[in-house]
Every structure is written in structure tokens, then in C-alpha cells.
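Commentary on secondary and tertiary structure
The residues making up each chain are set out below.
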Amino acid sequence: LLSGNMNRVWLLAVLLEILLLQAALSNNTRCANRPDGVFINDFTACDAFYTCLRGEAFPGVCPIGFVFNEELQLCDHPWNVKCLICPESDSFEATFEPIDGECTYYSVCVQGIGELRECAQGLQFDPVEKTCDLAENVNCEIPLCPNNVNPNVPISVPNPSDCSRYYICFMGEASERECAPTLLFNPETRLCDLEENVECFTKLKMFKHNLLVCVVLAAFIITTGAQRNPCLGIPDGMFVNDFTSCEGYFLCMSETPTHAQCPPGFYFNEAQQLCDFPQNVFCHVCNQQNGVQLFPHPTNCDQFITCSNGIS
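Residues numbered from 1 in each chain as written. Predicted model: local features only at pLDDT ≥ 70, side-chain atom pairs only at ≥ 80, totals over all residues. Heavy atoms only, no water.

Per an unreviewed UniProt entry, the chain goes by AGAP010467-PA and derives from Anopheles gambiae.

In C-alpha cells form, the structure reads like this:
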């Protein structure tokens, strides 16, 4: 009798486990409305993927040394794939996650599913603050040898500090070389070339250029003038930038500004008239309410920013 009861308990446990498994599979919507035989990312590991059959997702793993490439629907070499890893979550709230070996690309994750995004030109993704920022504010070292090429094939890359020098990358190692006298390394042809054919703008030159711009512009700072009304001439119901913070803005009614603030983690986007992700907004804070200030543009040497009475 005891043995029979134990068998019944075991049978009930097995049935319960089967029911739970079926429920889990039925709740798995990753493969909903996808054709049979399609492979999709797992997003928990670079070598993991799912096979879709009858609307259900069945896990799989690539061979050792390979990662899954959803675009090509195969297991591929790591240098051909930007691997998106997302935390497991049922929340609809988006998170921004770094991509290993990348400084400008990142992943937007919602409910454990990632989508590739790229920072605007001149910006890098900050893995700590989880946002795109100026390169000098981000602790992300771009490797000399690119990670998106076959390491078994030699490739020449420029020296960022000296246009007459370059590196030969092979098997992940960089070996420095120097062009012959009067020649400079041409990043486009990846060969040493005549100086007139090469546009040389090293990090050192860029720093000196930006420093010179700052010194020159500082001489033009004007400290007179009255503070402007940000809603002057603005139609009722329009939102305008605060310019004292990236999150702040004003609602204009009868040319009277009413201050408001975006939720944490969002910046005000005046062009779109809404609170937006920081990577979609160019924000410059004017720290002087009176007079005119000129600032160099962080990513474009041909442009500059004017702060006039606290308005950019």
C-alpha cells in the first residue's frame, strides 16, 4: 500500500512537471509568428541561439570558438558578429547595455531582447552611466587592432599619434612600423603615401587645435546684456529648452515660462517636443545667464555654440 501511494505521488509529481513545462513552452513567445526553422538570438550568451518550430523556441549552442550570427542564420567567427547580451527581465522598461569590444555600439534591451544601436558621431557609449557621451568622458579604449577582422590575416592600421607610423596587426598583436622619409601612412589605402595625398590630423594636433579654439573664444566672452525671456514670441503650448540643465524645459503660455523637468534618465528634445533618450539629444548647458559666450562644438570643428543670455 505504501509503495502504491509513493508511485501515485511520483506520478503526480511527473505530471505536474510536464504541465509546468508545457506552460513554460506555451508562454514562450520568442518564436511567435516566425517561420519554422528560423534561428534567433538567445541574448544570454554569444554562442547561444533558439530554433523556432511550431511557434516554440528550442535552445541550441554553437561549436566552441564560434558565436551565433542571426543575420546570416549561422554560427560564425567572433570578428563578424556584434554580440548583444541582455539581462533576463520581464519588464517593458528599456535598459542600455555595452557590447564587449565596442566603444560606439550598444544594445537596447527590452524584456531580455536586444537591438543594436550606435552612438552619434564623435560620441562613445559609457558602460557605467549607460549613455552616449563625449569620448573624453568615457573610459573605453579602442584597441589598435580592429576586432571586426580576421586576426589570422595581417592588416595595417594608422598610429593615432603619428601619421608617419602605422601598425601591422596579426593574431591580435600590433607591431609598429614607420614609413620612409617624406611619406605618411594613408588610412584609406593602408599604404605609405605622398604627404599631399594624406590628411593627417592626430590626437595631439586635435588637442592643440581645440585648446587654441578655447583660448581664442574665451577672449570673446561678453559679460553684458539682460536676461531674455525664453518664451518671448513662442506660441502657447510650446515647450522650449531650459539651457541650465539637459532635463529641464519650459511650457510657454502667454509668453510666460513654466518650468518642468523630464523623468530621470531622459533629456528634453525641443525638436521633437518631448523627453527623449540622451543619445538622441544634443545638450549644451549655458552656465552664464547674462551676456554672450562662445564654445567649440564637441564633434564638429566647423561649428561653434553661442550662449546668449543663458540661451544656446
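Moving on, we get to the overall build of the chain. Across its full length, the chain holds two helices and 22 strands. For the chain, with 312 residues in total, the buried portion stands at 29%. When contacts within the chain are restricted to residue pairs at least 6 apart in sequence, those whose partners lie at least 24 apart make up 31%. When the accessible surface of the chain is summed, it comes to about 20,100 Å², and 58% of that surface belongs to carbon and sulfur atoms. (Helix = DSSP H or I, 4+ residues; strand = E, 2+ residues; numbered from the N terminus. Buried < 20%, exposed > 50% of the residue type's maximum accessible area, 1.4 Å probe, protein only. Contact = heavy atoms within 4.5 Å. Areas by Shrake-Rupley, 256 points an atom, 1.4 Å probe, with all protein chains shown as cover.)

Here three strands make up an open sheet; going across it, the order is 6-7-8 and the pairing antiparallel. Edge positions in the open sheet fall to strand 6 (95-98) and strand 8 (113-118), since each of these has one partner strand only. When the angles between neighbouring strand axes are averaged without regard to direction, this sheet yields 35 degrees. Of the pairings in the sheet, the one linking strand 7 (residues 105-110) to strand 8 comprises six bridges and is antiparallel in character. Following the sheet pairing, Y106 is matched in strand 8 by R117. (Pairing = 2+ DSSP bridges. Axes fitted to C-alpha atoms, helices over the stretch in contact; angles between N-to-C directions.)

Moving on: the packing of aromatic side chains. Applying the stated criterion to the full structure yields nine aromatic pairs. Note on F39 and F49: the rings are 5.7 Å apart at their centroids and 85 degrees apart in plane angle, and the pair reads as edge-to-face. With F39 in strand 1 (residues 39-41) and F49 in strand 2 (residues 48-53), the pair connects residues that are 10 residues apart, well separated along the chain. Accessibility expressed as a relative area gives 27% for F39, which makes it partly exposed. The exposure class of F49 is buried, given its relative accessible area of 12%. Ring centres of Y166 and F185 lie 4.9 Å apart, and the angle between their planes is 15 degrees; on these two criteria the pair is classed as stacked. Taken together, the positions of Y166 in strand 12 (residues 162-170) and F185 in strand 14 (residues 183-186) put the pair 19 residues apart, joining distant regions of the chain. For Y166, a relative accessible area of 14% puts it in the buried group. (Phe/Tyr/Trp six-rings, centres within 6.5 Å; stacked < 30°, edge-to-face > 60°.)

What follows covers the environment of V285. Relative to the helices and strands, V285 is located in the loop between strand 20 (274-276) and strand 21 (292-296). On the basis of relative accessibility, which here comes to 34%, the residue V285 falls in the partly exposed class. Through-space distance from the C-alpha of V285 to that of T244 is 5.2 Å; in sequence the pair is 41 residues apart. In contact with V285, not counting residues within four places along its chain, are F243, T244, S245 and C246.

Sheet topology places strand 14 next to strand 15 (residues 191-194); four bridges connect them, and they run antiparallel. Following the sheet pairing, F185 is matched in strand 15 by C192.

Confidence in the prediction of the chain, expressed as mean pLDDT, is 76, and 73% of residues score 70 or more. In the predicted structure, residues 1-7 sits below a pLDDT of 50 and forms zero contacts with residues beyond four places in sequence or in another chain. This stretch, residues 13-27, has a pLDDT under 50; its non-local contacts, to residues over four places away or in other chains, come to one contact. (pLDDT = per-residue confidence, 0-100.)

Another point: the pattern of salt bridges. Counted according to the given criterion, the structure contains five salt bridges. Taking the shortest distance from any N to any O, the salt bridge between K130 and E97 comes out at 3.5 Å. Highlighted residues: K130 in the loop between strand 9 (123-126) and strand 10 (131-134) and E97 in strand 6, separated in sequence by 33 residues. Here E115 makes a salt bridge to R117, at a shortest N to O gap of 3.0 Å. Owing to a relative accessible area of 45%, E115 belongs among the partly exposed residues under this scheme. Salt bridges linked by common partners bring D162, R165, E176 and E178 together as one network. (Salt bridge = Lys/Arg side-chain N within 4 Å of Asp/Glu carboxyl O.)

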